[in-house]
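Structural characterization, general
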Amino acid sequence: MLEVVRAEDSAQTTEAALTAHRAPQAPPAPGGWRQFEALPIGLFAAVMGLTGLGVAWTLAGARYGTPAWIGSLLGMAACATFVALLAGYAVKAILAPQAVAGESRHPIVGNLFGTPLISLLLLPIPLARVSLPLAQGLWVCGALGMAVFAWLIVTRWLSARQHAAHATPAWIVPVVGLLDVPLALPGLGLPPMPAVMVFGLAVGLFFAVPLFTLILSRLLFEEPMPTALQPSLLILVAPFAVGFSAYVATTGTIDLFAEALYALTLFLLAVLLPKLARLGRTCPFRVAWWAVSFPLAAAAVTALRVATAQPGLLTDGLALALLGLATAVILWLLARTLLGLARGELRTLAQ
């Protein structure tokens, strides 16, 4: 009986936290440009997903000879998306500052403020071909901002008691996001920064282990996460997929440890994709579904790097399958989001 009460309390805690987050963002006037008062910070995951997909198609061009313009177009789409979201969130900060403050203090959603910082770390990859100084400036801002944000979040975690029900995949974003620091650096023409690359790799991978354990424990022993948070389960793939790319960028080789990270990526995808496929038939579309985009793109990038280094029927087959899956999902997410914005449905889609 006691366990049942605890489970109910846990579920109520999570639901209450979500309600507290949404409450300040729901002014009565629907649609129109004021719908951007409901713009969620987590939508910056769209920038991450588009950038990652662009990198994947660039690698596919080098490996299979696919058109180079596909990767470039996706990279530019990611840049345009970032500018649009930045402008939209600035409007939200002006019109509904209480909603922004509520998001920043939220025990789950507050972690997603790392998504625009990760975007700053990823966008230099496509931008380096257009403007190297701009790419360098964005990367420096992203690296400094990500380090400070990770420090702030870990300090907050250690300064007060945390609720087990709040340990969701969003917790991975702030600290494990440091794994994105080394990704663009080799192509930016900056002085060698091995210490910076090792810092991002070490802190990101070190914190991935206890955070993954905490989240898995919460999934095993607490009530299921609310439906709105279910798509974020695929974030659990990111530490291993992005960790692979960060490790290869830092060391310059695909060794046994890198192959182990790739194997973990494939295993988690095999576990989570069927679950998300079933959820897709029962959960209406929300912008929270963008949480699946970057992990899928990162997994495709990982598979393409392995196929390039170790060509073969299995490695190439997996690479093409993951590239096709990531492309189909991300393009559908983009089309459905744009349609929702055109219909003035952002308030509904952000719930």
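Residues numbered from 1 in each chain as written. Predicted model: local features only at pLDDT ≥ 70, side-chain atom pairs only at ≥ 80, totals over all residues. Heavy atoms only, no water.

**Concerning the layout of surface pockets**
When its volume is computed, the largest pocket comes out at roughly 450 Å³. Lining the largest pocket are 28 residues, with V55, I125, L183, A184 and R305 positioned closest to its centre. At the level of elements, α2 (45-64), α3 (68-95), α6 (124-127), α9 (181-184), α11 (238-251) and α13 (293-309) are the ones that each hand at least two residues to the lining of the largest pocket. Of all the elements, α2 adds the most residues to the lining of the largest pocket, at six residues. Considered class by class, the residues forming the lining of the largest pocket number 18 nonpolar, eight polar and two charged. (1 Å grid on protein atoms, 1.4 Å probe; cavity = no way out; pocket = protein on both sides within 12 Å on 5 of 7 lines; lining within 4 Å. Points joined across faces, edges and corners; volume = space filled by probe spheres on them. Helix = DSSP H or I, 4+ residues; strand = E, 2+ residues; numbered from the N terminus. Nonpolar A, V, L, I, M, F, W, Y, C, P; charged D, E, K, R; others polar.)

**So, the nonpolar core**
Counting 112 residues, the largest nonpolar core has W139, L234 and W290 as the members making the most contacts within it. Among residues more than four places away in sequence, those in contact with W290 are L43, A45, A46, I330, L333, L334 and T337. (Core = buried A, V, L, I, M, F, W, Y, C linked by side-chain atoms within 4.5 Å. Buried < 20%, exposed > 50% of the residue type's maximum accessible area, 1.4 Å probe, protein only. Contact = heavy atoms within 4.5 Å.)

**Description of empty space enclosed by the protein**
Taken as a whole and assessed by the stated rule, the structure comprises one cavity of 30 Å³ or more. What lines the largest cavity is a set of 38 residues, among which G42, L112, S232, I235 and A291 lie closest to the centre. When contributions to the lining of the largest cavity are tallied by element, the ones reaching two or more residues are α1 (2-22), α2, α5 (114-122), α8 (172-176), α11 and α13. Of the residues assigned to the lining of the largest cavity, the class counts are 29 nonpolar, six polar and three charged.

**Considering the confidence of the model for the protein**
Low pLDDT marks regions whose predicted coordinates should not be analysed in detail. Confidence along the protein averages 88 in pLDDT terms, with 90% of residues attaining 70 or more. When mean pLDDT is compared element by element in the protein, α13 scores highest at 97, while α1 scores lowest at 43. The low-confidence segment residues 1-30, where pLDDT is below 50, has 36 contacts with residues more than four positions distant or belonging to other chains. (pLDDT = per-residue confidence, 0-100.)

**So, the packing of α3 against helix α4 (residues 97-105)**
Following both chains from N to C, one finds α3 and α4 inclined at 110°, their axes separated by 5 Å at the closest point. When the axes of α3 and α4 are compared, the pair comes out roughly perpendicular. Note on element contacts: α4 touches α3 through P97, A99, V100 and E103, opposite Y89, K92, A93, I94 and L95. Looking at the contact of α3 with α4 residue by residue, the classes come out as seven nonpolar, no polar and two charged. (Axes fitted to C-alpha atoms, helices over the stretch in contact; angles between N-to-C directions. Parallel < 35°, antiparallel > 145°, perpendicular 65-115°, else oblique.)

**Thoughts on α2**
With 20 residues, α2 should cover 28 Å at 1.5 Å per step; its first-to-last C-alpha distance of 28 Å lies within 8% of that length. After α2 finishes, the residue G65 shows a positive phi value of roughly 75°. (Expected span 1.5 Å × (residues − 1).)

**Structural notes on α5**
Of all nine residues in α5, nine are buried; the element is thus mostly enclosed. Residues G114, T115, P116, L117, I118, S119, L120, L121 and L122 constitute the buried set of α5.

**Examining the pattern of salt bridges**
Under the criterion given, the structure shown has four salt bridges. The shortest N-O distance in the salt bridge between R336 and E345 comes to 3.6 Å. For E345, a relative accessible area of 23% gives the class partly exposed. Here E345 ties to R343 by a salt bridge, and the two come within 3.7 Å at their closest N and O atoms. Bridged by salt links that share partners, the residues R336, R343 and E345 form one connected network. (Salt bridge = Lys/Arg side-chain N within 4 Å of Asp/Glu carboxyl O.)

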